[in-house]
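What follows is each chain in one-letter form.
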Amino acid sequence: MDSLVAAFLALLRRDLMLAFRHRGELANPLIFFLMIVTLYPLGVSPDVNLLRQIAPGVIWIAALLAALFSLENLFRTDFDDGSLEQLLLSPQPLPVLVIAKVLAHWLVSGLPMVLLAPLLGLLLSMPAAAVKVLVASLAIGTPLLSLIGAVGVALTVGLRRGGLLLTLLILPLYIPVLIFATSAVSAAAAGLPVAGQLYLLAALLALGVTLAPFAVAAALRISLS
Amino acid sequence: MWTFLHKFASPKHFYRIAGKMIPWLAALTVLFMVAGLYFGLFVAPPDYQQGESYRIMFIHVPSAWMSLFVYVFMAVAAAIHLIWNIKLADVMASSSAVLGASFTFLALATGSLWGKPMWGAWWVWDARLTSELILLFLYLGYIALVSAIDDKRAAGRAGGVLILVGVVNIPIIHYSVEWWNTLHQGPTVTKFDKPSIHLSMLLPLLLMAAAFQFYFFTLVLMRARTEVLERERRSAWVEELLG
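Residues numbered from 1 in each chain as written. Chains lettered and ligands numbered in written order. Predicted model: local features only at pLDDT ≥ 70, side-chain atom pairs only at ≥ 80, totals over all residues. Heavy atoms only, no water.

Points about the overall build of chain A
Helices and strands together make up the secondary structure of chain A, namely 9 helices and 0 strands. Here the C-alpha radius of gyration of chain A, 18 Å, is about what a compact globule of 225 residues would show, namely 17 Å. When each of the 225 residues of chain A is scored for burial, the buried share is 51%. Contacts in chain A between residues at least 24 apart in sequence constitute 81% of all its contacts with a sequence separation of at least 6. Surface summary for chain A: the accessible area is close to 10,300 Å², and the carbon and sulfur share equals 70%. Counting 11 positive and 9 negative side-chain charges, chain A places the centres of these two groups 4 Å from one another. (Helix = DSSP H or I, 4+ residues; strand = E, 2+ residues; numbered from the N terminus. Rg over C-alpha atoms; globule rule 2.2 N^0.38 Å. Buried < 20%, exposed > 50% of the residue type's maximum accessible area, 1.4 Å probe, protein only. Contact = heavy atoms within 4.5 Å. Areas by Shrake-Rupley, 256 points an atom, 1.4 Å probe, with all protein chains shown as cover. Lys, Arg positive; Asp, Glu negative; His and termini not counted. Charge placed at Lys NZ, Arg CZ, Asp CG, Glu CD.)

Now the structure itself:
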């Protein structure tokens, strides 16, 4: 058991350290997130009432896309330099190691999006109550995006041009998250209770944490066989 | 029973047995489809609200049922393939994908044709139409993944994992979309205690559903036979068969 915890922490530390050694890349998904949201007022209309109405969907769709693009690198570099193979050979259970990798990925790409969200809410003139729920929904939803996305990345990691394929595989699976999260934020903006939607998101997260690592582990073994 | 299954699972015997089954299944397809279309188009009375246009239901509803059935069929085949490593199960799953996508497309197209006179628009973001569209995306994702991987063995296993992930997600997607927006008429057949559909309309619907089932199995066996031949092209029995 101790060695499992040690392996988990070591992998987490390694991934976080690798991420901080490439600080420039850390900012890319965030800038992407910000830019997509900026495009909407330019493309649709700067009208405050309209923006307020579409804000939850806009921010969440931008978050989906940013998560998708940042995910591509989840296993890519490890696959290229062979350390992914070493990970598969390790005596520790692979699903636990997968959780460590996904957690590290979420800490460097998902968490910053959660922290950036109030600013985006402000840009789209969301009411304060809705901004709070937006942050909560992103805090529960983005780990789920990383977990579901990891399955797709694991399936496509061995392919030369997996990027577009990844989008095709993963976006349909993101739909429930999008529905519950945007519905919570819209309800909050309208002054309605939001506990139901957030609980459903949390239930999906619990399901994702339990099942996704096994699917990722199976997919990795297939991709590297 | 077990020896039969073992025999059936070996490509050589599958090829032979499937070849014998196909004409029978095809005959059943024709029989049920002719009967279903006759009762559906000539015997069943026009609907008191929707007039004649409801008759598209005899295509729309069976293809929507099939779109779900094929996905579950693929999931079962994928599970058998991943757990017991039976290659034939993977042949079945990969041969079903295109058929499932076609049924889904047919359900969408007929739904859109039906929606025009009923709802006044070709497409509305109704819950069940939307989840059918998402199902089409899931099929297309599977087909894209399997065709992107060159190694057939790895492709089958990766596709299998994707199908199993999808089958866990389908109920979640379905209910989330349902909750998001619904406009569709409620189910009228599954209420077995007191179906809100009249027998004269239910009979052709069930006949057509059976016809679609037989049609699917006819085609999937035909496709699986070709697939088996292609995969086993270096084995002795194929060379003996094709010379």
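Having seen it, we continue.
Let's talk about the interface of chain B and chain A
Contacts between the two partners involve 24 residues from chain B, matched on the other side by 23 residues from chain A. Regarding the contact of chain B and chain A, the summed buried area is about 1,900 Å², with carbon and sulfur atoms giving 88% of it. Considering only the surface of chain B that becomes buried against chain A, Val161(B), Ile172(B) and Trp179(B) emerge as the three largest contributors, covering 24% of it. Applying the counting rule to chain B against chain A returns 0 salt bridges. For the side of chain B that touches chain A, the secondary-structure elements that each account for two or more residues are helix H5 (127-148) and helix H6 (152-180) of chain B. By residue number, the principal contributor to the side of chain B that touches chain A is H6(B), which donates 14 residues. For the side of chain B that touches chain A, a count of residues per class yields 19 nonpolar, 3 polar and 2 charged. (Buried area = accessible area lost by both parts, 1.4 Å probe. Salt bridge = Lys/Arg side-chain N within 4 Å of Asp/Glu carboxyl O. Nonpolar A, V, L, I, M, F, W, Y, C, P; charged D, E, K, R; others polar.)

Re the packing of aromatic side chains
Residue and element names in this part refer to chain B. Across all of its chains, the model carries 17 aromatic pairs over all chains by this definition. When the centroid spacing of 5.4 Å and the interplanar angle of 40° are considered together, the rings of phenylalanine 32 and phenylalanine 214 count as tilted. Taken together, the residues span a long stretch of sequence, with phenylalanine 32 in helix H2 (residues 11-43) and phenylalanine 214 in helix H7 (residues 199-231) at a distance of 182 residues. For phenylalanine 214, a relative accessible area of 22% gives the class partly exposed. For the ring pair tyrosine 38 and phenylalanine 39, a centre distance of 5.6 Å and an interplane angle of 75° mean the geometry is edge-to-face. What makes tyrosine 38 partly exposed here is its relative accessible area of 47%. A connected cluster of aromatic rings, assembled from ring pairs, spans Phe69, Phe73, Phe103, Phe212, Tyr215, Phe216 and Phe217. Between arginine 225 and the ring centre of tyrosine 15, over which it is positioned, the NZ or CZ distance is 4.0 Å. (Phe/Tyr/Trp six-rings, centres within 6.5 Å; stacked < 30°, edge-to-face > 60°. Lys NZ or Arg CZ within 6 Å of the ring centre and 35° of its normal.)

Notes on the packing of helix H8 (residues 163-189) of chain A against H6(B)
Packing of H8(A) against H6(B) leaves a shortest axis separation of 9 Å and a crossing angle of 30°. Taken together, H8(A) and H6(B) sit at an angle that is classed as roughly parallel. Judged by the sense of rotation from one axis to the other, the crossing of H8(A) with H6(B) is left-handed. Seen from H8(A), the contacting residues are Leu169(A), Pro172(A), Leu173(A), Ile175(A), Pro176(A), Ile179(A), Phe180(A) and Ser183(A); seen from H6(B), they are Leu162(B), Val165(B), Asn169(B), Ile172(B), Ile173(B), Ser176(B), Val177(B), Trp179(B) and Trp180(B). (Axes fitted to C-alpha atoms, helices over the stretch in contact; angles between N-to-C directions. Parallel < 35°, antiparallel > 145°, perpendicular 65-115°, else oblique. Left-handed = near helix turned anticlockwise from the far one by under 90°.)

Observations regarding the nonpolar core
Formed by 144 residues in total, the largest nonpolar core has its most connected members in Phe33(A), Phe75(A) and Leu145(B). Apart from the residues lying within four places of it in its own chain, the contact partners of Leu145(B) are Leu155(A), Thr156(A), Leu159(A), Leu165(A), Leu169(A), Ala158(B), Gly159(B) and Leu162(B). (Core = buried A, V, L, I, M, F, W, Y, C linked by side-chain atoms within 4.5 Å.)

What about the environment of Pro91(A)?
Counting through the fold element by element, Pro91(A) comes out in the loop between helix H5 (83-89) and helix H6 (94-123). Spatially, the C-alpha atom of Pro91(A) lies 34 Å from that of Pro172(A), the residues being 81 residues apart in sequence.

Some remarks on a nonpolar patch on the surface
A contiguous nonpolar surface patch, about 510 Å² in accessible area, is contributed by Leu37(B), Tyr38(B), Leu41(B), Phe42(B) and Val43(B). Note on Leu41(B): relative accessible area 44%, which makes it partly exposed. (Patch = residues over 30% accessible without salt bridge, like charges linked within 9 Å, V, L, I, M, F, W, Y side chains within 5 Å.)

Quick word on helix H2 (residues 23-43) of chain A
All names here are of chain A. Compared with the 30 Å implied by 1.5 Å per residue over 21 residues, the 31 Å span of H2 between its first and last C-alpha is a close match. Listed in full, the buried residues belonging to H2 are Pro29, Phe33, Ile36 and Val37. On its buried side, H2 packs onto helix H3 (48-71) and H6. (Expected span 1.5 Å × (residues − 1).)

Some thoughts on the environment of Pro56(A)
Residues and elements named next belong to chain A. Within the secondary structure layout, proline 56 lies in helix H3. Sequence separation between proline 56 and leucine 205 is 149 residues, and the spatial gap between their C-alpha atoms is 20 Å. In this structure proline 56 touches Thr182, Val185 and Ser186, once residues within four positions along its chain are discounted.

Quick notes on the confidence of the model for chain A
Taken over all residues, the pLDDT of chain A has a mean of 90, while the share at 70 or more is 100%. Ranking the elements of chain A by mean pLDDT puts helix H4 (residues 73-81) of chain A last, at 87, and helix H7 (residues 128-156) of chain A first, at 93. (pLDDT = per-residue confidence, 0-100.)

Let's talk about unusual backbone geometry
Backbone geometry places Ser125(A), a non-glycine residue, at a positive phi of 50°. Mapped onto the elements, Ser125(A) comes out in the loop between H6 and H7.

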